[in-house]
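This is what each chain is made of:
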Amino acid sequence: MRGKKTRGQLIVLSGPSGVGKSTVISELLHEREDIYFSVSFTTRGPRVGEADGVNYNFVTREIFEAMIAGDELLEYAQYVGNYYGTSLKLIEEKLAAGVDVLLDIEVQGAAKVRQKCPDACFIFIIPPSFEELSRRLHGRNTDGEDVIAGRLEKAREEYRQIPNYDYLVVNDKVSQAAAEIIAILTAESCRTKNRMNLVEGV
Ligand code: 5GP
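Calculation rules
Residues numbered from 1 in each chain as written. Predicted model: local features only at pLDDT ≥ 70, side-chain atom pairs only at ≥ 80, totals over all residues. Heavy atoms only, no water. Helix = DSSP H or I, 4+ residues; strand = E, 2+ residues; numbered from the N terminus. Rg over C-alpha atoms; globule rule 2.2 N^0.38 Å. Buried < 20%, exposed > 50% of the residue type's maximum accessible area, 1.4 Å probe, protein only. Contact = heavy atoms within 4.5 Å. Lys, Arg positive; Asp, Glu negative; His and termini not counted. Charge placed at Lys NZ, Arg CZ, Asp CG, Glu CD. Pairing = 2+ DSSP bridges. Axes fitted to C-alpha atoms, helices over the stretch in contact; angles between N-to-C directions. Near = heavy atom within 4 Å. Polar contact = N/O pair within 3.5 Å; in protein donor to acceptor, adjacent residues only side chain to side chain. Areas by Shrake-Rupley, 256 points an atom, 1.4 Å probe, with all protein chains shown as cover. Nonpolar A, V, L, I, M, F, W, Y, C, P; charged D, E, K, R; others polar. Left-handed = near helix turned anticlockwise from the far one by under 90°. Salt bridge = Lys/Arg side-chain N within 4 Å of Asp/Glu carboxyl O.

(A) Expanded view of the overall build of the protein. Looking only at helices and strands, the protein has eight helices and nine strands in total. The C-alpha atoms of the protein give a radius of gyration of 17 Å, which matches the 17 Å a tight globule of 202 residues would have. With respect to the three principal axes, the spread of C-alpha positions in the protein is 65 × 40 × 30 Å. Here the protein holds 202 residues, and 43% of them are scored as buried. Considering only contacts in the protein between residues 6 or more positions apart, those separated by 24 or more positions represent 68%. Each charge class in the protein was averaged separately, 25 positive and 30 negative side chains, and the resulting centres sit 3 Å apart.

(B) Main features of the sheet that holds strand S2 (residues 36-37). Taken together, five strands build an open sheet; the order of strands is S2-S7-S1-S8-S9 and the sheet is parallel. Taken across any chain shown, the strands that pair with only one partner, and hence form the sheet edges, are S2 and strand S9 (167-170). Note: strand S1 (residues 10-14) against strand S8 (residues 121-126), four bridges, orientation parallel. Its bridge partner being in S8, Val12 is matched across the sheet by Phe122. Seen against the sheet, helix H1 (residues 21-31) touches S1, S2, strand S7 (101-104) and S8 and runs at an angle of roughly 170° to S7. Taken strand by strand, helix H7 (residues 174-189) contacts S1, S8 and S9, and its axis lies near 160° from that of S9.

(C) Up close: the sheet that holds strand S4 (residues 57-58). Across the sheet, four strands lie side by side as S4-S3-S6-S5; this open sheet has mixed pairing. Two strands lie at the open edges of the sheet, namely S4 and strand S5 (73-79), each paired on one side alone. Here six bridges tie S5 to strand S6 (residues 82-87), and the two strands are oriented antiparallel to one another. Note that in S6 the partner of Glu75 across the bridge is Thr86.

(D) Region of interest: unusual backbone geometry. The backbone of Asp71 sits at a positive phi, close to 60°, despite the residue not being glycine. Relative to the helices and strands, Asp71 is located in the loop between helix H2 (61-69) and S5. The phi angle at Val80 is positive, at roughly 40°, despite the residue not being glycine. Mapped onto the secondary structure, Val80 falls in the loop between S5 and S6. You can call Val80 partly exposed: its relative accessible area is 38%.

(E) Spatial organisation of the site of the ligand. Taken together, 18 residues sit near the ligand, with Arg44, Tyr56, Tyr84, Asp104 and Glu106 positioned nearest. A distance of 2.7 Å separates a nitrogen atom of the ligand from a polar atom in the side chain of Glu75. For the ligand, the accessible surface in isolation is 510 Å², of which the surrounding protein chains cover 96%. Counting only elements with at least two residues in the shell around the ligand, the list comes to S5 and S6. Partitioning the shell around the ligand into residue classes produces five nonpolar, six polar and seven charged.

(F) Spatial organisation of the packing of helix H5 (residues 130-139) against helix H6 (residues 145-159). Put simply, H5 and H6 touch, their axes get as near as 10 Å, and they point 145° apart. For the element pair H5 and H6, the recorded crossing hand is right-handed. From H5, Phe130, Leu133, Ser134, Leu137 and His138 reach across to H6, where they touch Glu145, Ile148, Arg151, Leu152, Ala155, Arg156 and Tyr159. Looking at the contact of H5 with H6 residue by residue, the classes come out as seven nonpolar, two polar and three charged.

(G) Looking closely at the pattern of salt bridges. Under the counting rule described, the total for this entry stands at twelve salt bridges. Between Glu92 and Arg7 there is a salt bridge, and its shortest N-O distance comes to 3.1 Å. Of the two residues, Glu92 is situated in helix H3 (residues 88-96) and Arg7 in the segment before S1; the sequence distance between them amounts to 85 residues. Residue classification places Glu92 among the partly exposed residues on the basis of a relative accessible area of 33%. Three or more residues joined by partner-sharing salt bridges are found here, namely Arg32, Asp34 and Asp100.

Laid out in structure tokens, this is it:
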């Protein structure tokens, strides 16, 4: 059918732990209800306020390793001692149905997606400063000092991957960060290659 979008856009969002990605994502999904957020699988335990099947699918190491062995994951990575991964089947179904899919994944996983899905849109989100990141991680009040130190160190490593991303968003104000991401996605959807189904007479 002319005008019908054929395949959904895969959107990859990365950024250091504590940058406020979840809050920005909530705001984004509120504005763009048509986007499907891929709920990852992880072996880490739930934080206060997190629900199974909503923030993550919380699973044991045994189950996660069985998913790896069964080739069920688009990508996975170990991050500060835990596994995190994306179910291939679910997102493939959504993309095939023309639905845009959002992944919140760290840089190693994003690198794997870049190899497998070069047409995906890669967005990196940073805090206004490292001091602010440290403040936000402490303010979360859920992780111990050693975990926070590990996450800050990890953030420094992750920053080296920023040049591999298509877009950089600074999360100073959540509404502004979400608005920038919406603008990016609008621009992506207007790319010629994504609009050829609208062109007549060729
Ligand atoms: P957190 O423990 O703070 O929820 O997440 C830690 C990191 O894991 C974040 O950078 C987050 O983006 C990343 N992450 C969450 N889900 C996935 C996933 O499915 N795959 C990968 N590679 N990283 C993920």
